[in-house]
Structures are given as structure tokens and as C-alpha cells.
Amino acid sequence: MVISSIGHHITFLNGTKQQLTRLSSPSLSWIGGQQQQAFSKHTGSSLSLVTRRFNSSIHAKASSSQDQTTISGNEGNAPKSKVLVIGATGFVGKYMVEASAKATHPTFALVREATLSDPAKSQQLDAFKNVGVNLLPGDLNDHESLVNAIKQVDVVISTVSRHLLLDQMNIIAAIKQAGNVKRFFPSEFGNDPDRVHAVDPAKTAYENKATIRRAIEAEGIPYTYISSNFFASFVLPNLAQPGAKAPPRDKVLIFGDGNPKVVINTEEDVAAYTLKAADDPRTLNKILYLRPAGNIYSFNELVSLWERKIGKTLEKTYVPESHIIKKIEGAPVPLNMALSLGHSGFISGDHTNFEIDPSFGVEASQLYPDYKYTSVDEFLNQFV
């Protein structure tokens, strides 16, 4: 069935009639890269519960995976680089800090003075300190504190939110002055901004990321860009269904024709691959794409996988691109960003509509075949 009008009624999981305008539900969770920080407070209570459950198991899972991993490219007993994470207490940042510590890198976290005294952040900061992380006071807008922090490390990983993307110019200036950084990872962790066909507001965010790339390259700073696409905990808990608190059991919305393939990775896997790249010469001045074979699915394939797991065929409704575009144009902030990111992945196919050429990129699961990543299939098992 194809939706032919914006007012067409759809029966969702709870059996109630809802208008297609529910496509603008704040629960829509197509969030990749840093955008999830802006939307996380708007997600449904069930998704928050899933995220908490997911986070509660992260330490055991990541530890197990790391134990099985051989780090290629970091020869013999060469000392691990010292790593600084900027944006350490944010959604992506905390995974990077944990992964760095687990990989036995001397790990530093840049933390604002206000954060150091914030009771809401005390548990997270204590967790960092308990695994040997060094907390360094500093701020993106305090050049001297940035330089002082950067002079103590070899690798800088930025995980700042999309609202601060252009403020990374301050990090670039500090890295240039410090003169000791062997690798810089700017805040990306989503689609490749040089190879997207997005509509606004996602288009502007990708343009800002591309601007930061060009500035890094112009200054001759050694870099690795991470293209990891969608985060599992923002797409799979409700199979990207608007307003749903769990994967569908009766009816499912499929955006566009459902054929473009997207890539979905867990946050801890994104962090683990990032830290593997830190000391690997094969990723120097390259884009590291996270495209493990078990995490590449079209929307149609995702639905088919879920149907096999629950032993039931779902009623499918396909939403045309024109309706998605209208919803983006009329949606409020920040929902318009979530919708435009979904359009980029599920409609334009920006995760996989190009080949990775060795001249600009390498693929993580090929570089590190011993690393046991969490597959989409495995992740969905918790919801059956």
C-alpha cells in the first residue's frame, strides 16, 4: 500500500487511528552522528528505557570484545598514544573515553569548570576517574586551556554536538599552536559529509562538517574522519517507526521504496573502531568507514529480518519521498533535522551509494577482522 494523501489514516502498533502527520512525532529516531544529543530528550520513554538497558551492558560487552581483538597497524609493544576526548561527557564522548581507557591508552577528558561542579555529571566523572581517566579543565572558547590540554597528548578526538561543529576551528588553531598532535578526529560519526545528497537542515550540518575537514587539511594536521552512519540504539528499538515504543508487531511504515541500504552500528563499536585507528598508519589522512557486512540493510531487509524473528508478516505501508520532504519542510526544530537525516539514509541512500576508493578511505571491519562487532541481527534479539 502506498500513502496517497497526507491525511491518510494509519493504524499503528497500539491499534489507534493516527494521521500521517504523526510522522512529525518527536519520537522519530533516525539520528546519526552527533545529532542525537539535540533530540535525545524528545524520544519516547520506552526508547529511553532501551538506551538505559543498552548502556548498563556496555562495560561487559565492550570488555569481552576488546579481549578478542588484535590491533593491526600498532606494531609489537609500541606504546599507546595519549588520547584527549573533547566533549567527553556527551552522548558519543563517554563511549570514546571508555573505549580509550579499555584499549589502555593514557586517556584525558577535557571538562568545563561548570561540568566539574555539576552534581548531575558527578557519577559520569567518577566513572571516568575509576578507570584511570585524567580530567583536564578546559573550554572550547578558552584558547590557552585548549593548548595546555593538547600539549599533553598525541591524539585528539572531538565529539562536540552539531551546534558546536564550527567551534572546532578553535581546536584546529590550538592543535596548530601546540604542534605535537599525531592525529585529529573531528566530530563526525555519521554520514560522509563529502558524499551526501541531503536536504536542509541536515544539508547545512554536513556542509559545516565539510568546512572543518577543509580547514584541517589546509593546516596540514594529520587526521582520520569516522563515517559510522546510524547508531543502533536510535534506529532499532522501534525499527524507525514514528511514535512507537517498540518494534512493530502488526503494521510497519517503510520510507520511500525501502531499497536503499543503510549502515547501523552500536555506539561502543563506533568508539572501539575509532580507537583502533588512533595508532594505525593505514588510517592516517583517510576516512574510516564502518561498513561491517552484518550491519548493512535496506528498510525492506530490516522488516524482513524482524518478521522472521517474530514469525509474522507485517502489513506494509510505503511513504513516498514527496511526503517526507513536506514533513521536513513543515516540522519544527529539532524534528526537521531528524527527518532530514532519515531522508539522507533511507531515501537518498547516502550511507552506501558510493564505493570506498583506497585513495580516500578504508573500511573498518576489513582492517580489524578479529574485532567482534555487534550485528543488527544480534541487537534486535533483545526485543523479540
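None of the values given here were measured: they were computed from a predicted structure.

Below, the discussion takes up the overall build of the protein chain. In terms of helices and strands, the protein chain carries 16 helices and 15 strands. Per-residue burial for the protein chain yields a buried fraction of 58% across its 384 residues. Within the protein chain, contacts between residues separated by at least 24 positions form 82% of all contacts whose residues are at least 6 apart in sequence. Summing over all exposed atoms, the protein chain offers an accessible surface of approximately 15,000 Å²; the carbon and sulfur share of this is 51%.

In the contact formed by helix α4 (residues 91-102) and helix α11 (residues 267-278), the axes pass within 8 Å of each other and the chain directions differ by 55°. Overall, the two elements α4 and α11 adopt an arrangement that is oblique. Handedness of the α4/α11 crossing: right-handed. Contacts between α4 and α11 pair Phe-91, Tyr-95, Met-96, Ala-99 and Ser-100 from the former with Glu-267, Glu-268, Val-270, Ala-271, Ala-272, Thr-274 and Leu-275 from the latter. A per-class count over the contact of α4 with α11 returns eight nonpolar, two polar and two charged.

Here we come to the sheet that holds strand β11 (residues 261-265). Ordered in space as β9-β11-β13, the three strands form an open sheet in which the pairing is mixed. Strands at the two margins of the open sheet, each flanked by one partner only, are β9 (230-231) and β13 (296-298). Bridge analysis of β11 against β13 gives three bridges, and the strand direction is antiparallel. Pairing of Lys-261 across the sheet is with Ser-298, part of β13.

The parallel open sheet is built from five strands, whose spatial order is β5-β4-β3-β6-β7. If you trace the sheet from one side to the other, it starts and ends with β5 (134-137) and β7 (183-185), each paired once. In this sheet, adjacent strand axes meet at a mean angle of 20° when their direction is disregarded.

Our focus in this paragraph is the confidence of the model for the protein chain. Predicted coordinates in regions of low pLDDT should not be interpreted in detail. On average, residues of the protein chain carry a pLDDT of 85, and 80% of them reach 70 or more. Considering each helix and strand of the protein chain separately, the mean pLDDT is smallest for strand β1 (residues 9-11), with a value of 30, and largest for β7, with 99. Scored below 50 in pLDDT, residues 1-72 shows 181 contacts in the model against residues more than four places distant or in partner chains.

Now for the nonpolar core. Formed by 36 residues in total, the largest nonpolar core has its most connected members in Met-96, Ile-157, Phe-189 and Leu-288. Of the residues forming this core, the biggest block, seven residues, is contributed by α11. What Ile-157 contacts, discounting residues up to four positions off in sequence, is Val-83, Leu-84, Val-85, Ile-86, Met-96, Phe-185, Phe-189, Thr-274 and Leu-275. Leu-239, Ile-264, Val-319 and Val-376 belong to the second-largest nonpolar core, a separate cluster that totals 33 residues.

Side chains Thr-224 and Ile-226 project from strand β8 (residues 224-227) onto one buried face, and the interleaved Tyr-225 and Ser-227 project onto a second face that is buried too. Two elements, β8 and strand β12 (residues 286-289), share four bridges in a ladder whose sense is parallel. When the bridges of β12 are listed, Thr-224 appears paired with Lys-286.

Note: α-helices contain 3.6 residues per turn, so residues at a spacing of three or four share the same orientation. Between its first and last C-alpha, helix α9 (residues 202-218) extends 24 Å over 17 residues, near the 24 Å set by a 1.5 Å rise per residue. Every buried residue of α9 is accounted for by Ala-202, Ala-205, Tyr-206, Lys-209, Ala-210, Ile-212, Arg-213, Ala-215 and Ile-216. Close packing links the buried residues of α9 with α8 (168-178), β7, β8, β12 and α14 (335-347). Just beyond α9, the residue with positive phi is Gly-220, at close to 70°.

Let us now look at the environment of Asn-295. Summarising the element assignment, Asn-295 is placed in the loop between β12 and β13. With a relative accessible area of 0%, Asn-295 lands in the buried category. Sequence separation of Asn-295 and Ile-264 is 31 residues, and the distance between their C-alpha atoms is 5.4 Å. Sequence-distant contacts of Asn-295, defined by excluding residues within four places in its chain, comprise Val-262, Val-263, Ile-264, Asn-265, Tyr-373, Thr-374, Ser-375 and Val-376. In terms of polar contacts, Asn-295 uses its side chain to reach the side chain of Asn-265, at 3.1 Å.

Inspection of every chain in the model, using the stated rule, returns 12 aromatic pairs. A centroid spacing of 6.0 Å and a plane angle of 50° characterise the contact between Phe-379 and Phe-383, whose relative ring orientation is tilted. Here the two residues Phe-379 and Phe-383 agree in accessibility, since each one is buried. A connected cluster of aromatic rings, assembled from ring pairs, spans Phe-91, Tyr-95, Phe-231 and Phe-234.

What follows concerns the packing of helix α13 (residues 321-330) against α14. Following both chains from N to C, one finds α13 and α14 inclined at 155°, their axes separated by 9 Å at the closest point. What the angle tells us is that α13 and α14 run roughly antiparallel. In this structure, α13 meets α14 at a crossing whose hand is left-handed. The segment α13 lies against α14, with Glu-321, Ile-324, Ile-325, Lys-327 and Ile-328 engaging Asn-336, Leu-339, Ser-340, His-343 and Ile-347. Residues of the contact of α13 with α14, tallied by class, amount to five nonpolar, three polar and two charged.

Rules of the game
- Within every chain, residues take consecutive numbers counted from 1 along the sequence as written.
- Under the rules for a predicted model, residues below a pLDDT of 70 receive no local features and side-chain atom pairs below 80 are neither given nor counted, while totals for whole chains, interfaces and linings still include all residues.
- Side-chain metrics in this entry use all non-hydrogen atoms of the structure; hydrogen atoms and water are not considered.
- Helical segments are the DSSP runs of H or I of at least four residues, strand segments are the runs of E of at least two, and each set is numbered from the N terminus.
- Partly exposed describes any residue whose relative accessible area lies between the buried limit of under 20% and the exposed limit of over 50%, with all areas from a 1.4 Å probe on protein chains only and scaled to the type maximum.
- By definition in these notes, contact holds between two residues if any of their heavy atoms fall within 4.5 Å.
- Residue-level accessible areas treat just the shown protein chains as cover; the underlying method is Shrake-Rupley with a 1.4 Å probe.
- Every axis in this analysis is a line fitted to C-alpha atoms, fitted for helices over the stretch in contact. Angles between the N-to-C directions lie between 0 and 180 degrees.
- These descriptions rest on fixed angle ranges, namely under 35 degrees for roughly parallel, over 145 for roughly antiparallel, 65 to 115 for roughly perpendicular, and the rest for oblique.
- When the near helix sits turned anticlockwise from the far one by under a right angle, the crossing is termed left-handed; a clockwise turn instead gives a right-handed crossing.
- Amino acids outside the nonpolar list (Ala, Val, Leu, Ile, Met, Phe, Trp, Tyr, Cys, Pro) and the charged list (Asp, Glu, Lys, Arg) are all regarded as polar, and Gly is one of them.
- The criterion for strand pairing is that DSSP finds at least two bridges linking the strands in question.
- Values of pLDDT, ranging from 0 to 100, describe the predictor's confidence in every residue of the model.
- Take the buried residues of types Ala, Val, Leu, Ile, Met, Phe, Trp, Tyr and Cys, join any two whose side-chain atoms come within 4.5 Å, and each joined set is a nonpolar core.
- Multiplying 1.5 Å by the residue count of a helix minus one yields the expected span of that helix.
- Think of a polar contact as two N or O atoms within 3.5 Å of one another; within protein, one of them needs to be a possible hydrogen donor and the other a possible acceptor, and neighboring residues in sequence only count if both atoms come from side chains.
- Pairing of aromatic side chains requires ring centres within 6.5 Å, counting the rings of Phe and Tyr and the six-membered ring of Trp. Pairs whose planes differ by under 30 degrees are stacked, by over 60 edge-to-face, and all others tilted.

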